[in-house]
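Report on the structure
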Amino acid sequence: KAYTANTERYEKMEYRRCGRSGIKLPLISLGLWHNFGDNDDYANARGILRTAFDNGITHFDLANNYGPPYGSAEKNFGKIFKEDFARYRDELIISTKAGWDMWPGPYGNFGSRKYLIASLDQSLKRMGLDYVDIFYHHRPDPETPLEETMGALDQIVRQGKALYVGISQYSAEDTAKAAEILRNQGTPFLLHQPRYNMMDRWVEDGLLDTLQKVGLGSIVFSPLEQGILSSKYLNGIPEDSRAATEGSYLDKSQITEKVVRQVQHLNEIAKSRGQSLAQMAIAWLLKDKRVSSVLVGVSRPAQLKDNIGAIQNLDFRQEELDKIEGILKS
Ligand code: NDP
């Protein structure tokens, strides 16, 4: 059935300026790493995207190799985009990336100009788009000169294939270097996409400061530690969970007794705040204004609704923050 977006969608979400740019991102954005591949349920994937947009989520995040198989998330997104979202194109921020292994041989991986430009051309075809809003270099490449990779990002913008560029997983030091090259080239450098959640704190050790200094935003991935920071694993490992899925990046062995104990204690604090644990984990990230958006993944629309509820309570009392730190150190 034809889709018409909820007319109240922009009242349901809040938007935060991304660094010193003209772009505001929704506090919660949707990532298509999992649940949009060829082995996933198409109707469910479509339902997740509709739920997102109906609730004011204007940003969808992809990468060349999301699937499986590689490329299939972009292909399926392209199909849904054509059916449901084409007329809303100018209300959407769509991103994709290249940097991890994509096709065989020496030109389908890492950070050469050859790889990045060819990969984005493929991505645009798969998605049926003329341009993406943000194109990222997906991870640092220790062997290719940064000037070449940043030069490719610049060329992509000049070609009209992306409006802004970003980087992901770069250290604070490399981010500062990349920012300088991009500034000298006049390339619109919008944001960094790092991993950040209550249990993975590396960005607090310099990266967030660097981003603020150079005027970049951040969109943080795996905010729920792939689902661990939700009520999902409180009583064992459900069969339909990511941890139970063969070949996923979340292994059962990561759900240790210690982790479950910590999550149980965190869940008590969340309850006392009137939130689900997933909501508290997202709110906890958004308390830092240098975080422009929290990039969630969901396996069903109900999870997305739960996560969006986080924005109802973003304030923390110092006592709550101290308790959370105590639990994470226990
Ligand atoms: P999350 O930490 O949000 O984990 C998502 C998973 O957690 C879901 O698939 C679901 O798992 C579970 N979950 C989500 N919400 C709830 C809820 N309310 N209650 C219970 N369980 C919930 O993020 P991801 O690791 O998926 O990463 C998000 C996005 O970040 C990706 O889609 C991608 O766009 C981006 N990303 C970027 C990377 C990069 O290198 N730049 C790397 C990784 C991700 P289940 O299937 O068990 O239900």
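Residues numbered from 1 in each chain as written. Predicted model: local features only at pLDDT ≥ 70, side-chain atom pairs only at ≥ 80, totals over all residues. Heavy atoms only, no water.

Glancing now at the site of the ligand. In the vicinity of the ligand lie 33 residues, with Asp-61, Gln-169, Ser-222, Lys-232 and Ser-299 positioned nearest. Lys-232 is positioned such that a nitrogen or oxygen atom in its side chain is 2.4 Å from an oxygen atom of the ligand. Considered on its own, the ligand offers 910 Å² of accessible surface; in the complex 95% of this is hidden by protein. Elements that contribute at least two residues to the shell around the ligand include exactly strand E10 (293-296) and helix H9 (301-308). Top element by residues in the shell around the ligand is H9. It accounts for three residues. Its residues assigned to classes, the shell around the ligand comprises 11 nonpolar, 15 polar and seven charged. (Near = heavy atom within 4 Å. Polar contact = N/O pair within 3.5 Å; in protein donor to acceptor, adjacent residues only side chain to side chain. Areas by Shrake-Rupley, 256 points an atom, 1.4 Å probe, with all protein chains shown as cover. Helix = DSSP H or I, 4+ residues; strand = E, 2+ residues; numbered from the N terminus. Nonpolar A, V, L, I, M, F, W, Y, C, P; charged D, E, K, R; others polar.)

Glancing now at the pairing of strand E8 (residues 189-193). In terms of burial, E8 is a largely internal element, five of the five residues being buried. With four bridges connecting them, strand E7 (residues 162-168) and E8 associate as parallel partners. If you follow Gly-166 over to E8, its bridge partner there is Leu-191. As a crossover connection, the stretch from E7 through helix H5 (residues 172-185) into E8 is right-handed. By the bridge criterion, two bridges tie E8 to strand E9 (residues 217-221) in an arrangement that is parallel. Bridge pairing in E9 places Leu-191 opposite Gly-217. Regarding topology, helix H6 (residues 207-214) serves as the crossover connection from E8 to the parallel E9, and that connection is right-handed. (Buried < 20%, exposed > 50% of the residue type's maximum accessible area, 1.4 Å probe, protein only. Pairing = 2+ DSSP bridges. Right-handed = clockwise from strand over helix to strand, strands pointing away.)

Once that is clear, we can look at the packing of helix H7 (residues 257-272) against helix H10 (residues 318-329). Packing of H7 against H10 leaves a shortest axis separation of 9 Å and a crossing angle of 170°. Our classification of the angle between H7 and H10 gives roughly antiparallel. Between H7 and H10, the residues in contact are Gln-262, His-265, Leu-266 and Ile-269 and Lys-323, Ile-324, Ile-327 and Leu-328, respectively. Of the residues that constitute the contact of H7 with H10, the class distribution is five nonpolar, two polar and one charged. (Axes fitted to C-alpha atoms, helices over the stretch in contact; angles between N-to-C directions. Parallel < 35°, antiparallel > 145°, perpendicular 65-115°, else oblique. Contact = heavy atoms within 4.5 Å.)

With that out of the way, let us pick up the side chain of Thr-51. Assignment of secondary structure puts Thr-51 in helix H1 (residues 42-54). Residues in contact with Thr-51, not counting those within four places in the same chain, are Pro-301, Leu-304 and Lys-305.

Core analysis: the largest hydrophobic core is formed by 98 residues, its most contacted members being Leu-30 and Phe-60. Ranked by residues supplied to this core, first place goes to helix H8 (residues 277-286) with nine residues. With residues up to four places along the chain from it excluded, the contact list for Phe-60 reads Leu-30, Leu-32, Leu-49, Ala-52, Phe-53, Phe-77, Leu-92, Ile-93, Ile-94 and Ser-95. Judged by nonpolar contacts, the second largest core, of 11 residues, contains Ile-134, Tyr-136, Leu-191 and Phe-221. (Core = buried A, V, L, I, M, F, W, Y, C linked by side-chain atoms within 4.5 Å.)

Bringing the packing of aromatic side chains into the picture now. According to the stated counting rule, one finds 11 aromatic pairs in the structure shown. Taken together, a centroid distance of 5.8 Å and an interplanar angle of 70° make the contact between Phe-60 and Phe-85 edge-to-face. Here the residue Phe-60 occupies a position in strand E4 (residues 59-61), and Phe-85 occupies one in helix H2 (residues 72-85), the gap between them amounting to 25 residues. For Phe-60, a relative accessible area of 0% translates into the label buried. Ring plane angle 70° and centroid distance 5.3 Å describe the contact between Trp-103 and Tyr-115, whose orientation is recorded as edge-to-face. One end of the pair, Trp-103, is in the loop between strand E5 (93-98) and helix H3 (113-127); the other, Tyr-115, is in helix H3, with 12 residues separating them in the sequence. Judged by relative accessible area, Trp-103 falls into the partly exposed class, the value being 24%. (Phe/Tyr/Trp six-rings, centres within 6.5 Å; stacked < 30°, edge-to-face > 60°.)

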